[in-house]
Amino acid sequence: MTKLFILQVIISFFVGGVAIALLSFIAEKSSKKIAGIILSLPSTVVVSFIFISWTNSPKVIEYITSVVITSAAAVLIFSITFLYLSKIKIKKIYSILLCFVGSVVTWLLISIPFAYIKLDNLFLAISIYTTAILITYYFLTVKNTDTQEIKTLQYTVTQKIGRGIFAGAIIALSVFLSKIINPFWGGIFSGFPATFTSTFIILHWYYGTDMLFKIGKTVAIGSIVYTSFILASHWTFPAFDIIGGTIASYSVSII
């Protein structure tokens, strides 16, 4: 490892952490009706793609988008797992631990095989993602009949810092793996649900299971915002380099 690469990993940690902390501030000020979509906004994956491109090449993004889309599918199943495990009536601290471990293990079991086989079939990845979004829509939207008003989300300074550190660590790990092993591993971990994990844990601890399911109603449709960035990156990063590719892909996501 060169000193430049070590510096790139360190910078990715701090930039990623600040980006997630900023997203927390935005979520507080946004309409509570679109909370699930705010959770799904591209954040960790954006910073990861920027630094993976920097440490490797923008061309690499074209090859890893398929595996990142399958990781997005795994995030949806992660959400179902976390929310439904939260229904188990046990002491809250144990419930949160069960939800965290169960959902992360689920994400790993779905995601890692695709990194191992170096999936680069975009059509297959989109098919897997479409299946996951339909399953998620059924379990978190159709079956979720709670129509009570969602409380305003508030994060303490400590929670914001904690979310930033956690997300920054995931981003740094994705950049590290993309260089040390291969870009497919970096791509998988760029899609790790860092924002979902920290937010779900905070909501579960302070607001309870009902709040999780209220937020969960829009997770499936909100995921399209996230995945549109990944899909657009397949073409924009090789065509417009890092800065142009990021702006173009994020513009697609926002639209």
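Please refer to the structure placed before this passage.
Keep in mind that what you see is a predicted model, and the values were worked out from it rather than measured.

> Honestly, the overall build of the protein in this entry has me stumped. Any pointers?
Helices and strands together make up the secondary structure of the protein, namely eleven helices and zero strands. Counting every position in the protein, which comprises 255 residues, the buried fraction comes to 55%. For the protein, long-range pairs separated by at least 24 residues make up 84% of all intrachain contacts whose partners lie at least 6 apart in sequence. Element-wise, carbon and sulfur atoms account for 73% of the exposed surface of the protein, whose accessible area totals about 11,600 Å².

> I tried to follow the side chain of Ser86 on my own but got confused; where do I start?
Its location among the elements puts Ser86 in the loop between α4 (58-85) and α5 (92-116). Setting aside residues up to four positions removed in sequence, Ser86 forms contacts with Ser95, Cys99, His204, Thr209, Leu212 and Phe213.

> Sorry, what's going on with helix α9 (residues 194-206) here?
Because the α-helix completes a turn every 3.6 residues, residues three or four places apart line up on one side. Its 13 residues give α9 an end-to-end C-alpha distance of 18 Å, which sits within 8% of 18 Å, the value for a rise of 1.5 Å per residue. For α9, a buried count of ten out of 13 residues is recorded, marking the element as mostly surrounded by other parts of the structure. Among the residues of α9, Ala194, Thr195, Phe196, Thr197, Ser198, Thr199, Phe200, Ile202, Leu203 and His204 are the ones counted as buried. Within two residues after α9, Gly208 carries a phi angle of roughly 95°, on the positive side.

> Explain the side chain of Thr65 here, please?
Relative to the elements of secondary structure, Thr65 occurs in helix α4. In this structure Thr65 comes out as buried when scored by relative accessible area, which is 0%. A polar contact is formed between the side chain of Thr65 and the side chain of His234, at a distance of 2.8 Å. Discounting chain neighbours no more than four positions away, the residues touching Thr65 are Leu122, Ile230, Ser233 and His234.

> Please clarify how the pattern of salt bridges should be interpreted in this entry.
Where charged atoms of side chains with opposite charge meet at close range, the side chains can pair. Scanning the model with the defined rule gives one salt bridge in all. The salt bridge partner of Glu62 is Lys59, with a shortest N-O separation of 3.0 Å. Within this pair, Glu62 and its partner Lys59 are both found in helix α4, separated by three residues, close to a single helical turn. Taking relative accessible area as the criterion, Glu62 reaches 23% and is therefore assigned partly exposed.

> Any chance you could explain the nonpolar core here in plain terms?
A general tendency of soluble globular proteins is for nonpolar side chains to be buried together. Residues Val45, Phe49, Ile64, Trp107 and Ile230 are the most contacted members of the largest nonpolar core, which totals 59 residues. If one sorts the elements of this core by residue count, α4 sits on top with 16 residues.

> Can you help me understand a nonpolar patch on the surface in this one?
Taken together, Ile88, Ile90, Ile93, Tyr94, Leu98, Trp205 and Tyr206 make up a surface patch of nonpolar side chains, about 700 Å² in accessible area. Listed by contribution, the elements that provide at least two residues to the nonpolar patch are α5 and α9.

> Teacher, can you tell me more about the environment of Ile201 here?
Relative to the helices and strands, Ile201 resides in helix α9. Taking the C-alpha atoms as reference points, Ile201 and Phe82, separated by 119 residues in sequence, lie 9.4 Å from one another. Ignoring any residue separated from it by four or fewer positions in sequence, one finds Ile201 in contact with Phe82, Ile96 and Phe100.

What counts as what
Residues numbered from 1 in each chain as written. Predicted model: local features only at pLDDT ≥ 70, side-chain atom pairs only at ≥ 80, totals over all residues. Heavy atoms only, no water. Helix = DSSP H or I, 4+ residues; strand = E, 2+ residues; numbered from the N terminus. Buried < 20%, exposed > 50% of the residue type's maximum accessible area, 1.4 Å probe, protein only. Contact = heavy atoms within 4.5 Å. Areas by Shrake-Rupley, 256 points an atom, 1.4 Å probe, with all protein chains shown as cover. Expected span 1.5 Å × (residues − 1). Polar contact = N/O pair within 3.5 Å; in protein donor to acceptor, adjacent residues only side chain to side chain. Salt bridge = Lys/Arg side-chain N within 4 Å of Asp/Glu carboxyl O. Core = buried A, V, L, I, M, F, W, Y, C linked by side-chain atoms within 4.5 Å. Patch = residues over 30% accessible without salt bridge, like charges linked within 9 Å, V, L, I, M, F, W, Y side chains within 5 Å.

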